[in-house]
Amino acid sequence: MLNFARCSGSRPMGCRYFSLLRDKNFIGGEWVAASSGKTFQVTNPVNDKVIGIAQDSTPEDAEKAIKVASGSFNMWADLPAKEKGIKLKSLLKLVNSHSDDLAKLITAECGKPLAEAKAEVMYSAGYLEWYAEEAKRIYGEVLAPPNNTRELVVLKEPIGVVGFITPWNFPLAMLVRKAAAALAAGCVCVARPAEDTPFSALALAALVEKAGFPAGTFNVVTSSRSQAGPIGQALCASPQVAGISFTGSTAVGKILYQQCANTVKRLGLELGGNASYIIFPTADLSRAVQGVMGSKFRNAGQACVATNRVLVHESVFDKFSSMLATAVKTQLVSGDGFDPAVNQGPLINEQQFQKVDGIVKDAVSKGARVVSGGGIHPTLKGRFYQPTVLSNITEDMKIYNEEIFGPICPLYKFYSEDEAVTIANSTRRGLANYFYSNDYAQVWRVAKRLESGMVGVNEGLISAAEAPFGGVKESGFGREGSRHGVDDYVHTKYVCFGGLQN
């Protein structure tokens, strides 16, 4: 275990102690090094200072974790639902009692403001609480038989070992959201967290260990980017892995979809979005502006459900754009997430930084007008990009079709409801959409017409443990959260009892 990390730009020579920081894989209830003997450095995106090292695992390590998990499956699956719920409640209690340490780890490795990191921990706890109770509510059915000699029963049974591949933008929440549902259903887990943010996953493993989960039910294998593909392929190819759950880009999701074909796995894909945020003439503009501020600029825009295109009716366009620009200039403060005054962190890595900068430069070169911001932060070193508002967006710009994943807010003018809905639906993505209107006939009409798995009406932050999270079209399939969140982790088995005549 590592004892400290130099990670805060505000205290360049200071050390922050993290009680949950681990530098080994967690396999079969033990902390073990990678079989290759190699490690990689994990850095703080604020200043590129090293937080610590993690194991640079290979498919051999993933296969070991799969084998161990497979060996523990029957024991965990056979545990009564009430007992699974008790274990999840124990983990919930530990997450709550270690919330400060978890939040500091999240801020250190992904750069988000500490207040947002604390909110992520609480969001994660919500899923543990929900599925600790939901474990007892995975119901079967008794069906009406065709005659009096039979009884027909439907059972819900766990599928087995599931592999998780999780992203860097919400490193704790995305793993908890999957693992809580899978464990409640009776499955066992092998997780490969993103290379930028492995410590949140390892911290969760430390709490799983402390909560007394049986060895092998929850395993974490870390690796550098070079081994991400091979480990993902090992999870997809293994006949011992019954399902894969992935949150990340559409491009990678398509690769995993193909790799799972040979073993016909259960698959849950939560992929990229291209969310529209529509402002109709009857909208409360003050509320709509604040909704955009949360939906677009949370985590510096690095969220799959973040607003990607703001469509504003021409009758309120000038007023709304002025109000939004003022809010961006006065409410957003960039810097080190450990500074309590900061609410905008850096972009996660150089690749993402260059992508965002390229999207803005492409738009400006093709006629976009910079309303606010517009470039690399002028006073901060590192990967800080100014919160930016652009207008005069046209279809030939990259920003029109690509997922931005950064603090860039493009504004589009529309003239009719049909036009706005057509623009919102003119994408192969379908994760989330948002709109503001006080015309209740329009509210119901537009909510039904938008082609996305989730719709926010007069609300910019819609995720909740009680609600199903997921998309349509190339944003994936399957749902996380709510009672539907266990569906990816259970089989439906029909049992027919015959010969029951008197």
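Okay, so let's go over this structure. For clarity, every value in this text was computed on a predicted model and none was experimentally measured.

Structural notes on the environment of glycine 85
For glycine 85, the position within the fold is in helix α2 (residues 81-97). C-alpha of glycine 85 to C-alpha of threonine 217: the two residues are 132 residues apart in sequence and 14 Å apart in space. Ignoring any residue separated from it by four or fewer positions in sequence, one finds glycine 85 in contact with Ala132 and Ala135.

Some words on the sheet that holds strand β22 (residues 490-497)
Strand pairing in a sheet relies on backbone hydrogen bonds, with the paired strands running either antiparallel or parallel. One open sheet accounts for three strands, arranged β5-β6-β22; its pairing is antiparallel. Single-partner strands in this sheet number two, and they are β5 (141-143) and β22. Going across the sheet, the axis of each strand differs from the next one's by a mean of 25°, ignoring polarity. Where strand β6 (residues 151-158) meets β22, eight bridges bridge the pair, whose relative direction is antiparallel. Residue pairing for β22: glutamate 151 is matched across the bridge by phenylalanine 497.

Examining empty space enclosed by the protein
Summed over all chains, the structure comprises five cavities of 30 Å³ or more. The computed volume of the largest cavity comes to approximately 60 Å³. Lining the largest cavity are Ser245, Gly268, Leu269, Glu270, Phe469, Phe477, Gly478, Arg479, Glu480, Gly485, Asp488 and Tyr489. Ranked by residue count, the leading element in the lining of the largest cavity is strand β11 (residues 266-270), at three residues. Here the residues of the lining of the largest cavity are counted per class, giving four nonpolar, four polar and four charged.

Quick word on the sheet that holds strand β15 (residues 388-391)
Spatially, seven strands are ordered β14-β15-β16-β13-β12-β18-β19 in an open sheet, and the strand pairing comes out mixed. Each end of this open sheet is capped by a strand with a single partner; those strands are β14 (369-372) and β19 (454-457). Averaged over all adjacent pairs, the angle separating strand axes in this sheet is 25°, with direction ignored. Bridging between strand β12 (residues 275-279) and strand β18 (residues 432-436) involves three bridges; their strand directions are parallel. Paired with isoleucine 279 across the two strands is tyrosine 436, which belongs to β18. Strand contacts of helix α9 (residues 285-297): β12, β13 (307-313), β15, β16 (408-414) and β18, with the helix running at about 170° to β12, the strand carrying the most contacts. Against the sheet, helix α14 (residues 440-449) touches β18 and β19, its axis set at about 165° to β18.

Quick notes on the pairing of β13
For β13, the tally of buried residues reaches seven of seven residues, placing the bulk of the element in the interior. Pairing between β12 and β13: five bridges, direction parallel. Bridge assignment links isoleucine 279 to a residue of β13, and that residue is valine 312. Considered for its hand, the β-α-β crossover made up of β12, α9 and β13 is right-handed. Relative to β16, β13 runs parallel, the two being bridged by four bridges. Its bridge partner being in β16, valine 312 is matched across the sheet by lysine 413.

Focus on the nonpolar core
Leu91, Phe164 and Phe218 are the most contacted members of the largest nonpolar core, which has 90 residues in total. Among the elements that line this core, the one with the most residues is helix α6 (residues 198-211), at 10 residues. For phenylalanine 218, the residues in contact, after removing those within four places along its chain, are Phe26, Leu175, Ala179, Cys189, Leu204, Ala205 and Val208. In terms of nonpolar packing, the next biggest core, distinct from the first, is built from 32 residues, Val312, Leu431, Tyr436 and Phe469 among them.

Side note on the layout of surface pockets
Over the atoms, a rolled probe matching the size of one water molecule traces out where space is still vacant. There is about 1000 Å³ of room inside the largest pocket. If you go around the largest pocket, you meet 37 residues; those closest to its centre are Trp168, Phe246, Gly248, Ser249 and Val252. For the lining of the largest pocket, the secondary-structure elements that each account for two or more residues are α7 (228-237), β10 (241-247), α8 (250-259) and α11 (350-365). Broken down by element, the residue count for the lining of the largest pocket peaks at six residues, all from α8. For the lining of the largest pocket, a count of residues per class yields 14 nonpolar, 14 polar and nine charged. As a volume, the second largest pocket reaches approximately 350 Å³. Considering the residues around the second largest pocket, the lining is formed by 23 residues, among which Tyr123, Phe170, Arg298, Leu461 and Ser463 are closest to the centre.

Rules behind the numbers
- Residues numbered from 1 in each chain as written.
- Predicted model: local features only at pLDDT ≥ 70, side-chain atom pairs only at ≥ 80, totals over all residues.
- Heavy atoms only, no water.
- Helix = DSSP H or I, 4+ residues; strand = E, 2+ residues; numbered from the N terminus.
- Contact = heavy atoms within 4.5 Å.
- Pairing = 2+ DSSP bridges.
- Axes fitted to C-alpha atoms, helices over the stretch in contact; angles between N-to-C directions.
- 1 Å grid on protein atoms, 1.4 Å probe; cavity = no way out; pocket = protein on both sides within 12 Å on 5 of 7 lines; lining within 4 Å.
- Points joined across faces, edges and corners; volume = space filled by probe spheres on them.
- Nonpolar A, V, L, I, M, F, W, Y, C, P; charged D, E, K, R; others polar.
- Buried < 20%, exposed > 50% of the residue type's maximum accessible area, 1.4 Å probe, protein only.
- Right-handed = clockwise from strand over helix to strand, strands pointing away.
- Core = buried A, V, L, I, M, F, W, Y, C linked by side-chain atoms within 4.5 Å.

This is a description of form; function is not addressed.
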